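# Examining the three-dimensional arrangement
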Amino acid sequence: MTNISELDLQNLRHLIGGYDTTHCKMQEYAKAAEDTQIKQFFEKGAKSAMDNKQQLMKFLQ
């Protein structure tokens, strides 16, 4: 693993937390949606947020 600064770690933590929150909210919005297109929109957003979170988590390995 490459050495990263404390500031970089803090930024990663902030970004990962934001994507995690977005993922959870988008999932809840998708569950509540009655329209199929809106449901798919939120499901796609939830997946995108999770994918971004996982990409950022790789920097911590």
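What you see as residue numbers is a count from 1 along each chain, following the sequence as written. Residues qualify for local features only when their pLDDT is at least 70, as the model is predicted, and side-chain atom pairs are given and counted only at 80 or more; totals for whole chains, interfaces and linings, by contrast, use all residues. Water and hydrogen atoms play no part in the side-chain values, which are based on all heavy atoms of the structure.

### Side note on the packing of aromatic side chains
Working definition: a ring pair exists when centres of Phe, Tyr or Trp rings (six-membered ring for Trp) sit within 6.5 Å. Plane angles under 30 degrees give stacked, over 60 give edge-to-face, the rest tilted. Inspection of every chain in the model, using the stated rule, returns 2 aromatic pairs. Ring pairs connect the aromatic residues Tyr29, Phe41 and Phe42, which therefore count as one cluster.

### Quick word on helix 1 (residues 6–32)
Its 27 residues give helix 1 an end-to-end C-alpha distance of 39 Å, which sits within 8% of 39 Å, the value for a rise of 1.5 Å per residue. Only protein chains enter the accessibility calculation, which uses a 1.4 Å probe. A residue is then buried if its area is under 20% of the maximum for its type, exposed if over 50%, and partly exposed in between. Helix and strand definitions follow DSSP, with helices as H or I runs of at least four residues and strands as E runs of at least two, each counted in order from the N terminus. Taken together, the buried positions of helix 1 are Leu12, Ile16, His23, Met26 and Ala30. Here, two residues are considered to be in contact whenever any of their heavy atoms come within 4.5 Å of each other. Structurally, helix 1 contributes buried residues whose contacts are with helix 2 (36–57). In this scheme, a helix's expected span is set at 1.5 Å multiplied by one less than its residue total.

### Let's talk about a nonpolar patch on the surface
Here the term patch refers to residues with relative accessible area over 30% and no salt bridge, with like charges joined within 9 Å and nonpolar side chains (Val, Leu, Ile, Met, Phe, Trp, Tyr) within 5 Å. Note on areas: Shrake-Rupley, 1.4 Å probe, and residue coverage restricted to the protein chains presented here. The rule for a salt bridge is simple: a side-chain nitrogen of Lys or Arg has to be within 4 Å of a carboxyl oxygen of Asp or Glu. Where nonpolar side chains cluster on the molecular surface, the patch consists of Leu9, Met57, Phe59 and Leu60 and spans about 370 Å² of accessible area. Looking at the secondary structure, you find Leu60 in the segment after helix 2.

### A look at the pattern of salt bridges
One pass over the full model with this rule turns up 3 salt bridges. A salt bridge links Glu28 to Lys31, with the nearest nitrogen and oxygen atoms 3.5 Å apart. Taken together, the residues span about one helical turn, with Glu28 and Lys31 both in helix 1 at a distance of 3 residues. Taking relative accessible area as the criterion, Glu28 reaches 46% and is therefore assigned partly exposed. The class of Lys31 is exposed, set by a relative accessible area of 60%. Asp51 is the salt-bridge partner of Lys47, the closest N and O atoms lying 2.8 Å from each other. Taken together, the residues Lys47 and Asp51, both in helix 2 and 4 residues apart, mark about one turn of the helix. Owing to a relative accessible area of 52%, Lys47 belongs among the exposed residues under this scheme.

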